[in-house]
Amino acid sequence: MKKRINERSLRSIFHRLLKDKYTFTALTILVTLYLSITFAGFIAPYSKEFSDRHLSYAPPSKIFTITPEGKLSWPYTYNYKRTFNPDTFKMDFKLDRSQLYYLKFFSKGDDYKLFGFIPCNIHLFSLDSPKGRLFLLGTDINGRDNFSRLLYGGQISLTIGFIALFISFPIGLLYGGISGYLGGRVDNAMMRLTEAIMSIPSFYLLISLAAILPANMTSSQRFTLITVILAFIGWAGFSRVVRGMVLSIKKQEYVDAAKAIGAHPLRIIAKHILPQTASYVIVAITLSVPGYILAESGLSFLGLGIQQPDASWGNMLKEAQEYINVINRPWLLIPGGLIFVAVLSFNLIGDAVRDILDPKSKLN
Amino acid sequence: MSIPVYILKRILQAIPLLIIVSIMSFVIIKLSPVDPLAELKLNPAISPQTLEAEKERLGLNLPVYMQYFKWLTSALQGDLGISTSGEKVITRLMERIPNTLLLTSSSILLTWLIALPIGIFAALRWRSAIDRILTVLSSIGMAIPSFFFALLLLIFAVKSGWFPIGGLTSVNFDKMNIFQKILDVAHHLVLPVLVLSTASLAGLQRQVRGNLLDVLEADYVKMARAKGLPENKIIYKHAVRNAINPMVTMLGFEFAALLSGAALTEFVFQYPGLGRLILEAVMKLDINLVMASLMMGAIMLILGNLLADILLKLVDPRISLN
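Residue indices follow the written sequence of each chain, beginning from 1 at its first position. Here the convention is simple: chains get letters from A, ligands get numbers from 1, in the order in which they are written. Residues qualify for local features only when their pLDDT is at least 70, as the model is predicted, and side-chain atom pairs are given and counted only at 80 or more; totals for whole chains, interfaces and linings, by contrast, use all residues.

Visitor: Before we go on, may I ask you to explain the overall build of chain A in this structure?
Guide: Helix and strand labels come from DSSP, where a helix needs a run of H or I of at least four residues and a strand needs a run of E of at least two; each type is numbered from the N terminus. Secondary structure summary: chain A contains 13 helices and four strands in total. Referenced to the eigenvectors of the C-alpha coordinate spread, the extents of chain A come out at roughly 85 × 45 × 40 Å.

Written as structure tokens, this is what we have:
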């Protein structure tokens, strides 16, 4: 019975999210982003390691559909040629008009693994010759395609927060639940620990923890440990709020009834008390996803998070740290724009969910 | 409870907290696979005697818990060791803390000065076009990553030439008179303060708006209206004051968020603050400095929260300090 009600309320939440035009846009953006990173290998013309050392910091490829003679044509592009300009001491990129390359759709290219396990080599688009270079959003210092790396980077930036949530929320729930339920000295001692974690400015703690990771880890080990660190920072504040709620819930009569039957305290906490905090937990989860995304990108931006050659939006934005670099190559700012769009969408949805579950709140 | 007694009580409560924090940071540092003296050994400016003294002070050949007590006793005596640059950790901290306090306090000031009127304004025009626009703007302000915003502003500074590019003082700072010095620092502060204020401004504006909307529905406001008080008096004399009170507790949280947020902003703007110091220390694995900065961050945070609570007591006499 209870389950059915929950399902219905979940469905009505979704219904209301789709009705509002702001949250509908936000949901559409997020669905697009997550679909693109799911099919990153298919959409990206290159792998994340592919690099053309002769074309570092090449500007975005220009795609033409009208020939110089003024006729309509199948989309094509030219390669860039890098020349050194002795007057400005800069590298100039000029289109090499001697050879044109046509775009091909659904053609074979580099191998990749769809969803991480299905071997595949069909790409959404590529050029008709392997000599052609199609850099939709330019390249980075190593001549790697930014567009492809943004897709692969999104796989890390947009998922690491969720994984960290799945670690920190159960811990926070259980910790807050036990502390609030047992009360007294145990509660006191348990809360001192959360206070201690919270009294170190979180970013200081984050970078100190990230810095002690050994340098010679594989990228998946690093990913896991960064996730754990993010989760470690996040659970304390959450568990304090849960504890506060548990303190008031445990005074209700049905909890006494459960005690009288002789139910185990852990069972009472998990089965009878914590479900009562569900609406707060849902709101807290949706509102804390962006925080995790920002924490990961900040960490990677400083060079302490995800390391090269892996991509994440934070470590791609690292190249924009030198402003001289950005002024000539504005496409390096795109990862920052994507972080912003993703965070904004999550915030809008989080606010809307809070308004639905807590109609009294007037923040929006 | 009178305020001095309360302060004393809070300070006493903070001591076990700081001990836990210090144990935690000590454990974190001990987990690090790096030799804490490696960097010191590489620095030719540090004499073998200093190195030996440092080894003795850290007690590296003792068991871990003894090392912790050794660190604790020397820290309590005010000796935080030396940094890899050869300077005393304490001098480096003291250089940076005022700068960070300057940055965070000017950000808090600016945030409150702007957020209050905007929040009140939005609440009084609830659901109007301008309220909607402000809500969208505050969503944008909350979503933009501080380091990204800082980068954008830095590029703006370079392109327009209106603002200095990073740092806290100009090259010829020493030759300026006091008035020019203040102007110079203020000029350097504009962009970092703008970055730090943007995020908290958006949040605070929403809170003010939400609180005021709640208060405007309270019975005493209806009563005041029924009595025929002019609307202005109802809002500014009765509603706004009560709407702001709960915000004062947020000052503590804001301070915490600012300390954290400042690290990235300081990094992008090359601002000589505590956040950038700990970042550099972390990157160079300057163990003494990391440890001391973590502790210093915690102390500042606890003090900030204490100040917020006392301030709340001062503005709202209904609050009892128990």
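Moving on, there is more to tell.
Visitor: Honestly, the interface of chain A and chain B in this entry has me stumped. Any pointers?
Guide: Of the residues lining the interface, 37 residues belong to chain A; the matching set on chain B comes to 44 residues. For the side of chain A that touches chain B, the elements supplying multiple residues, two or more each, are helix H5 (184–198), helix H6 (202–211), helix H10 (278–301), helix H12 (323–328) and helix H13 (334–357) of chain A. Residue polarity follows a fixed list, in which Ala, Val, Leu, Ile, Met, Phe, Trp, Tyr, Cys and Pro are nonpolar, Asp, Glu, Lys and Arg are charged, and the others, Gly among them, are polar. When grouped by side-chain class, the residues that make up the side of chain A that touches chain B number 25 nonpolar, nine polar and three charged. Whether two residues are in contact depends on their C-beta atoms, placed from the backbone: they are in contact if these lie within 7 Å.

Visitor: Help me out: how do you make sense of the sheet that holds strand S2 (residues 72–85) of chain A in this one?
Guide: Sheets are built from strands that pair by backbone hydrogen bonding, the pairs being arranged parallel or antiparallel. Residue and element names in this part refer to chain A. The strand order across the open sheet built from four strands is S1-S2-S3-S4, with neighbouring strands paired in antiparallel fashion. Each edge of the open sheet is held by one strand with a lone partner, namely strand S1 (63–66) and strand S4 (118–127). Sheet twist, expressed as the average angle between the axes of neighbouring strands with direction ignored, equals 45°. We call two strands paired when DSSP finds no fewer than two bridges between them. With three bridges connecting them, S1 and S2 associate as antiparallel partners. Counterpart to isoleucine 66 in the pairing with S2 is leucine 72. For helices, the fitted axis covers only the stretch in contact; all axes are lines through C-alpha atoms, and the angles between them, taken along N-to-C directions, range from 0 to 180 degrees.

Visitor: How do you make sense of the nonpolar core when you look at a structure like this?
Guide: It is characteristic of soluble globular proteins that their nonpolar side chains tend to be buried jointly. One finds Leu206 and Ile207 of chain A together with Ile278 of chain B to be the most contacted residues of the largest nonpolar core, which totals 150 residues. The element that contributes the greatest number of residues to this core is helix H10 (residues 231–269) of chain B, accounting for 16 residues. Not counting chain neighbours up to four residues away, the residues in contact with isoleucine 207 of chain A comprise Leu299, Leu302 and Leu304 of chain A together with Ile278, Leu279 and Val282 of chain B. A set of buried residues qualifies as a nonpolar core if it consists of Ala, Val, Leu, Ile, Met, Phe, Trp, Tyr and Cys joined through C-beta atoms within 7 Å. Put plainly, a residue is buried at 20 or more neighbouring C-beta atoms within 10 Å of its own, exposed at 12 or fewer, and partly exposed in between, counting only other residues' C-beta atoms, which are placed from the backbone.

Visitor: Help me understand the environment of arginine 149 of chain A, please; the structure alone is not making it clear to me.
Guide: Residue and element names in this part refer to chain A. Of note, arginine 149 is situated in helix H4 (residues 146–182). Given 28 C-beta atoms within 10 Å, arginine 149 falls into the buried group. In this structure, the C-alpha to C-alpha distance between arginine 149 and tryptophan 313, residues 164 residues apart in sequence, is 8.7 Å. In contact with arginine 149, not counting residues within four places along its chain, are Lys48, Arg144, Ala311 and Met316.

Visitor: I keep staring at helix H7 (residues 146–160) of chain B and nothing clicks. Help me out?
Guide: Structural remark: α-helix, 3.6 residues per turn; residues separated by three or four positions point the same way. Multiplying 1.5 Å by the residue count of a helix minus one yields the expected span of that helix. Taking 1.5 Å per residue, 15 residues should reach 21 Å; H7 of chain B reaches 21 Å between its end C-alpha atoms and fits that length. Listing the buried residues of H7 of chain B in full gives Ser146, Phe147, Phe148, Phe149, Ala150, Leu151, Leu153 and Leu154 of chain B. Summarising the contacts, the buried residues of H7 of chain B are in contact with H10, helix H11 (313–317), H12 and H13 of chain A together with helix H8 (178–216) and H10 of chain B. Trailing H7 of chain B by a residue or two, glycine 161 of chain B shows a phi angle of about 75°, which is positive.

Visitor: Where do I start with the packing of helix H2 (residues 21–38) of chain A against H13 of chain A in this structure?
Guide: Between two packed helices, both the angle of their axes relative to each other and the distance between the axes serve to describe the pair. Residue and element names in this part refer to chain A. At a minimum axis distance of 9 Å, the contact between H2 and H13 shows a crossing angle of 135°. When the axes of H2 and H13 are compared, the pair comes out oblique. In the crossing of H2 with H13, the sense of the turn from one axis to the other is left-handed. On H13, the residues that touch Tyr22, Thr23, Ala26, Leu27, Ile29, Leu30 and Leu33 of H2 are Val341, Ala342, Ser345, Leu348, Ile349 and Ala352. For the contact of H2 with H13, the residue count by class is eleven nonpolar, two polar and no charged. For classification purposes, an angle smaller than 35 degrees is called roughly parallel, one larger than 145 roughly antiparallel, one from 65 to 115 roughly perpendicular, and anything else oblique. By definition, any crossing whose near helix is turned counterclockwise from its far helix by less than a right angle is left-handed, and any crossing with a clockwise turn is right-handed.

Visitor: It is not clear to me how the confidence of the model for chain A should be interpreted in this structure. Could you clarify?
Guide: Do not read the predicted coordinates in detail wherever pLDDT is low. On a range of 0 to 100, pLDDT expresses the predictor's confidence in each residue. Across chain A, pLDDT averages 83, with 96% of residues at or above 70. Of all helices and strands in chain A, the one with the weakest mean pLDDT is helix H1 (residues 2–19) of chain A (68), whereas H2 of chain A scores best (90).

Visitor: What's the story with unusual backbone geometry in this structure? I'm lost.
Guide: Generally, phi is negative for residues other than glycine and the peptide bonds are trans, each holding for most cases. Cis geometry is found at the peptide bond from glutamine 308 of chain A to proline 309 of chain A, where omega equals 0°. With respect to the helices, strands and loops of the structure, proline 309 of chain A is situated in the loop between H10 and H11. The phi torsion at phenylalanine 106 of chain A lies on the positive side, around 50°, for a residue other than glycine. Structurally, phenylalanine 106 of chain A can be placed in strand S3 (residues 90–114). Judged by the 10 C-beta atoms lying within 10 Å of it, phenylalanine 106 of chain A falls in the exposed class. For glutamine 270 of chain B, which is not glycine, the phi torsion reads 55° and is therefore positive. Following the sequence through the fold, glutamine 270 of chain B ends up in the loop between H10 and helix H11 (274–283). Take glutamine 270 of chain B: there are 13 C-beta atoms within 10 Å of it, and that puts it in the partly exposed class.

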